[in-house]
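Take a look at the letters that make up each chain.
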Amino acid sequence: MTIALIESIAREIAECRACQLCESATRAVPGEGPADAAVMLIGEAPGAAEDISGRPFVGASGRLLDALLQRAGLDRSRVYIANLVKHRPPDNRDPTRAEIRSCQHFLTRQINAINPRVIVPLGRHAAKYWIPNVQIVRHHGQLYHVDDRLVVPMLHPAAALYQRSTLPLMEVDFERLGGYLRDGFPTVS
Ligand code: SF4
């Protein structure tokens, strides 16, 4: 049932023309992963490699994300990965607030269908979607409780590609997430 719902949402995304991002993108990138994933990772928007493949987090940042997931004891096949917006913004610019608003019903429906225990926003825009006042450089890796879900914002893997010094911070955050998943989450307010 959930798989059919996820596939139906993906078909709607593929046909969506609600904002201008679809005009310059090659194809939609709805997201992928098991319909019963306990962990959902949410990036900001597809990039060039994702736009061509139709899959989220492929290319260099995707390979780095895979390695970070391993540090958390997670395989990509066990998590659901999606983005705030489903079509690539031109020249990899940030998605606008209006574009995120236009697209957010898809993400909400994906989250409701999958019902993950933990949401991991990747990068500043995704983190602010759940925690408006978050400063990602200060609050990455911290645990929040939002709408009855655990939310752990992380630095975006792409950041480590041009600023290598951020990689150890990401590794620590993902290892801590793995510890939470293995041993239990501390109580959060
Ligand atoms: S980015 Fe989202 S709202 Fe905009 S056209 Fe694509 S699916 Fe529709």
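Everything that follows concerns the structure shown earlier in this document.
Note that the structure is predicted; figures quoted are calculated from it, not measured. (Residues numbered from 1 in each chain as written. Predicted model: local features only at pLDDT ≥ 70, side-chain atom pairs only at ≥ 80, totals over all residues. Heavy atoms only, no water.)

**Q** An account of the sheet that holds strand β4 (residues 144-146) is needed here, citing residue identities and associated values.
**A** Spatially, 5 strands are ordered β2-β1-β3-β5-β4 in an open sheet, and the strand pairing comes out mixed. Pairing within the sheet leaves two strands with one partner each, and these edge strands are β2 (80-83) and β4. Sheet twist, expressed as the average angle between the axes of neighbouring strands with direction ignored, equals 30 degrees. Here 2 bridges tie strand β3 (residues 118-121) to strand β5 (residues 149-151), and the two strands are oriented parallel to one another. What sits directly across from I119, in β5, is V151. (Pairing = 2+ DSSP bridges. Helix = DSSP H or I, 4+ residues; strand = E, 2+ residues; numbered from the N terminus. Axes fitted to C-alpha atoms, helices over the stretch in contact; angles between N-to-C directions.)

**Q** Just give me the short version of the environment of I114, but keep the residues and values in it.
**A** Turning to its location among the elements, I114 is positioned in helix α5 (residues 97-114). A relative accessible area of 4% places I114 in the buried class. When the C-alpha positions of I114 and V152 are compared, they lie 17 Å apart, and in sequence the two are 38 residues distant. What I114 contacts, discounting residues up to four positions off in sequence, is I6, P34, A35, A37, M40 and Y80. (Buried < 20%, exposed > 50% of the residue type's maximum accessible area, 1.4 Å probe, protein only. Contact = heavy atoms within 4.5 Å.)

**Q** Explain the pairing of strand β1 (residues 39-43) residue by residue, including any values.
**A** Two faces belong to every sheet, and in a regular strand the side chains alternate between them. Of all 5 residues that make up β1, 5 are buried, and the element is covered over most of its length. Of the two faces of β1, the one carrying V39, L41 and G43 and the one carrying M40 and I42 are both buried. The sheet contact formed by β1 and β3 spans 4 bridges and is parallel. In the sheet register, L41 faces β3, and the bridge partner there is V120. Two elements, β1 and β2, share 4 bridges in a ladder whose sense is parallel. Note on β2: the bridge partner recorded for M40 is Y80.

**Q** An account of the site of the ligand is needed here, citing residue identities and associated values.
**A** The ligand sits among C16, A18, C19, L21, C22, K86, H87, S102, C103 and F106. Contributions of two or more residues to the shell around the ligand are made by α2 (21-24) and α5. With 3 residues, α5 is the single largest residue contributor to the shell around the ligand. Tallied by class, the residues present in the shell around the ligand amount to 7 nonpolar, 2 polar and 1 charged. (Near = heavy atom within 4 Å. Nonpolar A, V, L, I, M, F, W, Y, C, P; charged D, E, K, R; others polar.)

**Q** I'd love a proper account of the side chain of H140, names of residues and values included.
**A** Looking at where H140 falls in the secondary structure, it is placed in the loop between α7 (136-139) and β4. Among residues more than four places away in sequence, those in contact with H140 are P153, M154, L155, L169 and D173.

**Q** Can you lay out unusual backbone geometry for me, pointing to particular residues and giving the numbers?
**A** A negative phi angle characterises most non-glycine residues, just as the trans form characterises most peptide bonds. A positive phi angle, near 55 degrees, is found at D91, a position not held by glycine. Inspection of the secondary structure assignment puts D91 in the loop between β2 and α5. We note that D147 has phi near 50 degrees; this positive angle belongs to a residue other than glycine. Considering the arrangement of structural elements, one finds D147 in the loop between β4 and β5.

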